Amino acid sequence: MEPAFLFGTVGNPLSTPPKPGGTIGGIQRIRELGLEALELAWVRSVRVSEATCRQIREAAAAAGVALSVHAPYFINLNAQDRAGYQASKDRLMAAARAGYQAGAPDIVFHPGAYQGARPERAYETVRRRLQEIVEELRAEGVAVTLRPETMGKSALFGTLEEVIQLARDVPGVLPCLDFAHLHARAGNGSFNSYEEFARALQQVAAGLGPRGLETLHIHLSGIAYTRKGERHHLVLQEADLRYEELLQALIDLGGRGRILCESPNLEEDALLLQATYRRLLERRAPAPRP
């Protein structure tokens with residue numbers, strides 16, 4: 001059975017050599033490791049020239065590595081003041097423009113925080129502003145998919161339902177599903193079984209139709225959490241996330257797309273996820289005819 005997911009890392013593999021280094025070196029190292037995807041971790045700022053973007057695009061095309069972008073962390077589309085929103089908008093649009101030039105059509109971002117607002121009111125603010133950003137990018141010819149990420153703390157905007165609804169309401173938007181965040185968000189150890197993973201994927205399919213499961217963009221890692229939610233990422237083997245059950249649910253429900261690792265050991269866990277997925281896939285495949 002043909003694998004339906006590309007596996008990779010968020011940020012350059014830790015084993016990327018210093019020369020040539022940078023994103024070009026990261027792309028080359030991804031291919032050497034037998035991985036297939038790299039998310040450019042522009043999480044502090046976007047400072048990349050058009051010439052560098054062209055080099056990134058060409059290197060990824062030559063290596064057969066699929067690219068995406070993680071936009072800066074400091075984005076809050078529910079900012080209460082206009083200046084705060086404008087700064088967030090500028091960061092997201094900069095990531096989208098540079099990502100498009102670099103051949104990375106999927107732009108992942110943290111959508112914001114409730115900041116005391118009711119979730120329904122925060123949703124309307126985020127939706128309206130995201131619609132504005134999408135329209136401006138389209139007017140510029142920047143053809144990217146913006147992917148609001150599910151978040152790991154209850155104070156942050158980004159439940160599974162919210163990111164699905166944004167994708168329903170705003171053309172050009174699809175979710176980034178961080179299953180470690182979803183596990184940590186409740187703070188009680190829930191969202192950690194085959195049944196819960198399968199229900200979440202069924203929600204995606206019900207909300208977005210076939211494209212929802214055919215274009216999945218997934219972040220995955222181990223995670224430490226408290227009753228208030230996420231604390232920090234962990235290596236998979238040091239965490240309680242039942243990632244094998246998640247991979248089985250993805251296979252059983254026909255998911256396709258990318259799975260990008262954010263564990264502290266990056267490529268080691270990315271390779272573990274890839275190997276586990278392939279083993280499960282082989283077990284499911286029908287026996288060859290005699």
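Below or above, wherever it landed, is the structure these notes cover. (Residues numbered from 1 in each chain as written. Predicted model: local features only at pLDDT ≥ 70, side-chain atom pairs only at ≥ 80, totals over all residues. Heavy atoms only, no water.)

### A few points about the overall build of the protein
No. 1: In terms of helices and strands, the protein carries ten helices and ten strands.
No. 2: Over its C-alpha atoms the protein spans a radius of gyration of 18 Å, differing by no more than 12% from the 19 Å that the globule rule assigns to 290 residues.
No. 3: C-alpha atoms of the protein, sized along the principal axes, occupy 65 × 45 × 35 Å.
No. 4: Sequence-distant contacts in the protein: of pairs separated by 6 or more residues, those separated by 24 or more amount to 80%.
No. 5: For the protein, the exposed surface amounts to about 12,800 Å²; the carbon and sulfur share of it is 50%.
No. 6: Within the protein, the 34 negative side-chain charges are centred at a point lying 3 Å from the centre of the 34 positive side-chain charges. (Helix = DSSP H or I, 4+ residues; strand = E, 2+ residues; numbered from the N terminus. Rg over C-alpha atoms; globule rule 2.2 N^0.38 Å. Contact = heavy atoms within 4.5 Å. Areas by Shrake-Rupley, 256 points an atom, 1.4 Å probe, with all protein chains shown as cover. Lys, Arg positive; Asp, Glu negative; His and termini not counted. Charge placed at Lys NZ, Arg CZ, Asp CG, Glu CD.)

### Regarding the side chain of Ser68
No. 1: With respect to the helices, strands and loops of the structure, Ser68 is situated in strand β3 (residues 66–70).
No. 2: The buried category is assigned to Ser68, whose relative accessible area is 1%.
No. 3: Excluding its chain neighbours within four sequence positions, the residues that come into contact with Ser68 are Leu38, Glu39, Leu40, Ala104, Asp106, His217, Arg258 and Leu260. (Buried < 20%, exposed > 50% of the residue type's maximum accessible area, 1.4 Å probe, protein only.)

### Notes on the pattern of salt bridges
No. 1: Under the criterion given, the structure shown has ten salt bridges.
No. 2: Taking the shortest distance from any N to any O, the salt bridge between Asp106 and Arg147 comes out at 2.8 Å. Note that Asp106 is positioned in strand β4 (residues 106–109) and Arg147 in strand β5 (residues 145–148), a separation of 41 residues in sequence. Side by side, Asp106 and Arg147 carry an identical accessibility label, which is buried.
No. 3: Residues Glu120 and Arg118 are paired through a salt bridge, measuring 3.4 Å at the closest nitrogen-oxygen approach.
No. 4: For Arg118, a relative accessible area of 54% translates into the label exposed. (Salt bridge = Lys/Arg side-chain N within 4 Å of Asp/Glu carboxyl O.)

### Things to note about the environment of Leu260
No. 1: With respect to the helices, strands and loops of the structure, Leu260 is situated in strand β10 (residues 257–261).
No. 2: With a relative accessible area of 0%, Leu260 lands in the buried category.
No. 3: For the pair Leu260 and Gly8, spaced 252 residues apart in sequence, the C-alpha to C-alpha distance is 4.8 Å.
No. 4: The residues touching Leu260, leaving out its near neighbours within four places in the chain, are Gly8, Thr9, Val10, Ala37, Leu38, Glu39, Ser68, His217, Ile218, His219 and Leu220.

### Topic: the packing of aromatic side chains
No. 1: Inspection of every chain in the model, using the stated rule, returns seven aromatic pairs.
No. 2: Judged by centre distance (5.4 Å) and plane angle (50 degrees), the ring pair of Phe7 and Tyr277 falls under tilted. A residue pair is termed long-range when its members are at least 10 positions apart, and Phe7 in strand β1 (residues 5–10) and Tyr277 in helix α10 (residues 267–284) qualify at 270 residues. The pair Phe7 / Tyr277 is uniform in exposure class, with both members buried.
No. 3: In textbook terms, an aromatic cluster arises when at least three aromatic residues are bridged by ring pairs, as seen for Phe5, Phe7 and Tyr277. (Phe/Tyr/Trp six-rings, centres within 6.5 Å; stacked < 30°, edge-to-face > 60°.)

Purely spatial values, then, with no claim about function.
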